[in-house]
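Listed here are the chains, written in short residue letters.
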Amino acid sequence: MPNKAQGATPGLSRELGVSQACAVVVGTIIGSGIFLVPAEMMQAVGSARLVYLAWIVGGLLSLFGALTYAELGAMKPQAGGEYVYVRDAYGPLAGFLYAWTWFLIAKPASIATVATGLVRILGSFSTFSFFSDPLVVQPFTITYGQLVAIASALLISLLNYLGIKKAGEFQLIFTVLKVGVILAIVGIGFSFGGGNWGHFAESFAGARGGITGFMAALVAALWAYDGWNDLNMVSEEIRQPERNIPIALILGVAIVGVLYMLVNAAVQFVLPAAAIAASPRPASDAIGLVRGPMGTSIVSAAMAVSMLVTLNGTIMSGARVPFAVARDRYFFATLATVHPRFHTPSAAIVVQAMLAVILLLIGGSFRQFFSLAIFAEWLFYMIAGSTVFVFRRREPQTARPYRVWGYPFVPALFVVASALLLYYTFTDNLRNSTFGALAILAGIPVFFAFARRRRS
């Protein structure tokens, strides 16, 4: 709990219990991916069996990452998560470059991605068809949809500004709602009288196939699982972190894996392999076939709720990174401000929201924002995951409330998987990845400028 003594500097407050922490994991991971990527995966591998294999391998690799982060989070339950691990393992410059990249690129781009995705989903309802219409045309065009995306980012930022407990309760309530709607979609799919278990044995002739195809499907699965690491960024606000962080990470990833398998099974029960590969929204098409336009609306509503919860988790976690590096006096001191009443990193939340709004005003497609964020994210997953080896060797006597199962093989597999995904995202999105790499390197002179000021 925060220190309320007379004259004491306000600190962050440990307000999140294990249920809210688990909701951060589940709610942040499950976005729109599960409703969209089955088509991409079928196009890549061409059979239901290989699609499931990709989901299983992706789920296991994500679980290996969660197990690795469980040890790190229980050992170092401080705000900033990966920033702390990279800083302590590889020095303040490496830690700063992580924070710099996360603050300026990864998190604002992630917030813009989710907000843009939310608007795109809402725009599929006829009531909101005007979202694509321009609201302002001079000096540059702003659509109604951009305005809604900005409003959603600002409102969720305000919720997080007003207290981690409020944001955590929102995350828990809407995550439960999200899971309920997903289970309803699964039930509707399996209730289809025209469904066919034979679809699970079918194949799609036009698939890419081979190792290349399977890797493409695995990348799609890993993108759908992305987001479990956000919990570690709010470690300093979790009660009993040595116990609750490992429970939330492991249980959360396991719940997501089960839900993903169920949704994919329901879609394949309703649609043949060729139809899945040809559909831009397989889940909507499947449930629409069962329940007509009402079914399509149910899936769209589920996606909208899902994106809203993901937005809350993304904003909640992102602000803790600049807060942590500023508290170490390697960034602007204002960003280390803790609100005296709400005990949140208020300045960091405000600046993060401003950066996201700038991206949303500039405009861009869902895919452009996503590509901008994904390179930086997987680079630092790989680096942060590797720190468990550094701490095991350098600090063998440090208390570890949780030790990663299967060490050293489990964390090693996660680091290798991160490196493979990093390579894929760099080559597949060369322009955005190159921009991301240059933006990371641009942080080096900034670090030394703050380091000089810190020494003086």
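What this report covers is the structure whose coordinates are included nearby. (Residues numbered from 1 in each chain as written. Predicted model: local features only at pLDDT ≥ 70, side-chain atom pairs only at ≥ 80, totals over all residues. Heavy atoms only, no water.)

At a minimum axis separation of 8 Å, helix 7 (residues 164-190) and helix 10 (residues 241-270) run at an interaxial angle of 30 degrees. As summarised for this structure, helix 7 and helix 10 are arranged roughly parallel, according to the angle between their axes. In this structure, helix 7 meets helix 10 at a crossing whose hand is left-handed. Contacts between helix 7 and helix 10 involve Val179, Ile182, Leu183, Val186, Gly189 and Phe190 on the former and, on the latter, Leu259, Leu262, Val263, Ala265, Ala266, Phe269 and Val270. Residue classes in the contact of helix 7 with helix 10 are distributed as 12 nonpolar, 1 polar and no charged. (Axes fitted to C-alpha atoms, helices over the stretch in contact; angles between N-to-C directions. Helix = DSSP H or I, 4+ residues; strand = E, 2+ residues; numbered from the N terminus. Parallel < 35°, antiparallel > 145°, perpendicular 65-115°, else oblique. Left-handed = near helix turned anticlockwise from the far one by under 90°. Contact = heavy atoms within 4.5 Å. Nonpolar A, V, L, I, M, F, W, Y, C, P; charged D, E, K, R; others polar.)

Turning to the pattern of salt bridges, a few remarks are in order. The full count for this structure, using the stated rule, is 8 salt bridges. Between Arg392 and Glu71 there is a salt bridge, with its nearest N and O atoms 2.9 Å apart. On the criterion of sequence distance, the pair formed by Arg392 in helix 16 (residues 366-394) and Glu71 in helix 3 (residues 48-75) is long-range, its members being 321 residues apart. Summarising the burial analysis for this pair, Arg392 and Glu71 share the class buried. Between Asp328 and Arg87 there is a salt bridge; the shortest N-O distance is 2.6 Å. Of this pair, Asp328 sits in the loop between helix 14 (320-327) and helix 15 (346-362) while Arg87 sits in helix 4 (residues 82-90), and the two are 241 residues apart along the sequence. (Salt bridge = Lys/Arg side-chain N within 4 Å of Asp/Glu carboxyl O. Buried < 20%, exposed > 50% of the residue type's maximum accessible area, 1.4 Å probe, protein only.)

Judged by nonpolar contacts, the single largest core of 148 residues is most densely connected at Phe35, Met41, Trp55, Leu231, Leu249, Tyr260 and Phe331. At 17 residues, the largest contribution of residues to this core is made by helix 5 (residues 92-122). If sequence neighbours within four positions are ignored, Phe331 has contacts with Phe96, Trp100, Phe103, Val325, Ala326, Phe450 and Arg453. (Core = buried A, V, L, I, M, F, W, Y, C linked by side-chain atoms within 4.5 Å.)

Another aspect to go through is empty space enclosed by the protein. With the rule as written, the count across this model stands at 1 cavity of 30 Å³ or more. By volume, the largest cavity amounts to about 40 Å³. As for the largest cavity, its lining consists of Leu61, Ser62, Leu222, Trp228, Trp378, Phe414, Ala417 and Ser418. Breaking the lining of the largest cavity down by element, the ones donating at least two residues are helix 3 and helix 17 (409-428). It is helix 17 that contributes the most residues to the lining of the largest cavity, 3 residues altogether. (1 Å grid on protein atoms, 1.4 Å probe; cavity = no way out; pocket = protein on both sides within 12 Å on 5 of 7 lines; lining within 4 Å. Points joined across faces, edges and corners; volume = space filled by probe spheres on them.)

Any link to function would need more than the numbers given here.
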